[in-house]
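Okay, here's what each chain looks like letter by letter:
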Amino acid sequence: MEHNCNQTIRCTVDKCRHHEGVKNLCSLDAITVGTHEANPTKIECTDCLSFENR
Ligand code: SF4
């Protein structure tokens, strides 16, 4: 079921309602990435702001 998936947004967050589990893709056309840190310096500082719980 990859018909609606943007092949260029790969994601492993399988608890998100937009996640497509077979190929680890995001089903959205675009996402927004942000941070919860004042001074982000590593991967763990970034967040997908388009995440929605299943
Ligand atoms: S919205 Fe963000 S967290 Fe959810 S599947 Fe897409 S990229 Fe992953």
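The coordinates are above.
Because the structure is a prediction, the values reported are computed rather than measured.

Undergrad: Describe the site of the ligand, listing the residues and the values that go with them.
TA: Taken together, the residues surrounding the ligand are Cys11, Val13, Cys16, His18, His19, Cys26, Leu28, Ile31, Cys48, Ser50 and Phe51. Among the residues making up the shell around the ligand, the classes are represented as 8 nonpolar, 3 polar and no charged.

Undergrad: Now, about the pattern of salt bridges: what can you tell me, with residues and values included?
TA: One pass over the full model with this rule turns up 1 salt bridge. The closest approach of N and O atoms between Arg17 and Glu52, which form a salt bridge, is 4.0 Å. With a gap of 35 residues between them, Arg17 in the loop between strand 1 (6-10) and strand 2 (19-20) and Glu52 in the segment after strand 5 (46-48) connect regions that are remote in the sequence. Since its relative accessible area comes to 37%, Glu52 is described here as partly exposed.

So, how was this worked out
Residues numbered from 1 in each chain as written. Predicted model: local features only at pLDDT ≥ 70, side-chain atom pairs only at ≥ 80, totals over all residues. Heavy atoms only, no water. Near = heavy atom within 4 Å. Nonpolar A, V, L, I, M, F, W, Y, C, P; charged D, E, K, R; others polar. Salt bridge = Lys/Arg side-chain N within 4 Å of Asp/Glu carboxyl O. Helix = DSSP H or I, 4+ residues; strand = E, 2+ residues; numbered from the N terminus. Buried < 20%, exposed > 50% of the residue type's maximum accessible area, 1.4 Å probe, protein only.

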